[in-house]
Amino acid sequence: MPQPGAIRAGRAFVELFADDSKLVRGLKRASAKLEAFGRSVRDLGLKLIGLGSAVVAPLAASSKVFASTGDALAKMSARTGFSVETLSELGFVADLSGARMEVLENGIRKMQRTLLDAATGMKSAREALALLGLAIADLDKRSPEQQFKLIADRLAKIEDPTIKAAAAMELFGRSGTQLLPMLSGGAAGIEQLQEQARKLGLTISTEDAKAAERFSDTLSVMWKVLKQGVFVVGSALVPVLSQAAQWVTKVAVFAGAWIKQNKELLVRLFQVAVAVSAAGAA
């Protein structure tokens, strides 16, 4: 027979944890508040993630543009001898004239080869300069930018379009005719558009281009390291995957042989499946 004290304690326990008891109601309210707080923290976290992504994405894109553009200009400067500042401005001029930077660089490099050929006595190169009324001595001590603009000046003065196109192709190669709209205003026309590029803030400094080149190299090294990591993981999995591939091959060969030996059975199974599908549709 239970003791009276035990009965009272049991009844108190039941009353304490009954659905309508003060303790249970208080616990439920606290639980609801904690759940609401958790939802608010989660929502805040999601909003912060969205905000962070909205900020990071365009910044990452701008970093990529900075790296690729600056790196390309720094390397083009090293290949042509033109300053980064001049190349960035000439890129603007070329773009307005319907030519790409690649066309401009190819033309500049062909011009420099022609001048070298003329300096070493090649007759065809000297004749190309003679079409413009120039000799190698007129260009010898000028910077690459000055040589380019002097040739543009002389081309602009040729009135016969056939002779002008021929001279442009002799000096700038296949890029010559594509560069003619850019060169048509001579040095003054080019410099006017360069000044416009400077006013628009489109000039890229050598310092920025060098920084972009270093950043691009850093990214390149990072990707090589990551690819090597993937390669190492792949090399570790090769034995397991090779065994799996051999097993799959054996199963496929066995399945193919079985299918060849049981074509009639497969046809009957297909017919039964079609009949069942038709009955289901009906």
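Model, not experiment: these values are computed from the prediction.

Trainee: Any details on the side chain of Ser 175? Residues and values, ideally.
Mentor: The residue Ser 175 is located in the loop between α8 (161-172) and α9 (176-183) in this model. Here Ser 175 falls in the buried class, since its relative accessible area comes to 8%. A polar atom in the side chain of Ser 175 sits 3.3 Å from the backbone oxygen of Val 103.

Trainee: Talk me through helix α7 (residues 144-156); I want residue IDs and the actual numbers.
Mentor: Under the 1.5 Å per step criterion, the end-to-end length of α7 is 18 Å for 13 residues, consistent within 8% with the ideal 18 Å. Listing the buried residues of α7 in full gives Pro 144, Glu 145, Gln 147, Phe 148, Lys 149, Leu 150, Ile 151, Ala 152 and Leu 155.

Trainee: If you had to explain α9 to someone new, which residues and values would you point to?
Mentor: Listed as buried for α9 are Gly 176, Leu 179, Leu 180, Met 182 and Leu 183. All buried residues of α9 project into a common sector of 165° when viewed along the axis, lining one side. For α9, the elements touching its buried residues are α3 (84-96), α4 (101-119), α7, α8 and α10 (186-199).

Trainee: Describe the nonpolar core, with residues and values.
Mentor: With 39 residues, the main nonpolar core has Phe 148, Ile 151, Leu 155 and Phe 172 as its most contacted residues. For this core, the elements supplying multiple residues, two or more each, are α2 (22-80), α3, α4, α5 (123-130), α6 (136-139), α7, α8 and α9. Here this core takes six residues from α4, the largest share from any one element. Excluding its chain neighbours within four sequence positions, the residues that come into contact with Phe 148 are Phe 82, Leu 104, Ile 108, Met 111, Phe 172, Met 182, Leu 183 and Ile 190.

Trainee: Any chance you could break down the packing of aromatic side chains for me, citing the residues and the numbers?
Mentor: Summed over all chains, the structure comprises two aromatic pairs. With centroids separated by 6.1 Å and ring planes inclined at 80°, the aromatic side chains of Phe 82 and Phe 148 adopt a geometry described as edge-to-face. One end of the pair, Phe 82, is in the loop between α2 and α3; the other, Phe 148, is in helix α7, and 66 residues separate them in sequence. Assigned by exposure class, Phe 82 and Phe 148 land together as buried. Taking the centre distance of 6.0 Å and the plane angle of 70° together, the rings of Phe 148 and Phe 172 count as edge-to-face. Of the two residues, Phe 148 sits in helix α7 while Phe 172 sits in helix α8, which places them 24 residues apart along the sequence. By relative accessible area, which is 1% here, Phe 148 ends up buried.

How each quantity is defined
- Residues numbered from 1 in each chain as written.
- Predicted model: local features only at pLDDT ≥ 70, side-chain atom pairs only at ≥ 80, totals over all residues.
- Heavy atoms only, no water.
- Helix = DSSP H or I, 4+ residues; strand = E, 2+ residues; numbered from the N terminus.
- Buried < 20%, exposed > 50% of the residue type's maximum accessible area, 1.4 Å probe, protein only.
- Polar contact = N/O pair within 3.5 Å; in protein donor to acceptor, adjacent residues only side chain to side chain.
- Expected span 1.5 Å × (residues − 1).
- Arc of directions from axis to C-beta.
- Contact = heavy atoms within 4.5 Å.
- Core = buried A, V, L, I, M, F, W, Y, C linked by side-chain atoms within 4.5 Å.
- Phe/Tyr/Trp six-rings, centres within 6.5 Å; stacked < 30°, edge-to-face > 60°.

Functional significance is not addressed by these values, which are geometric in nature.
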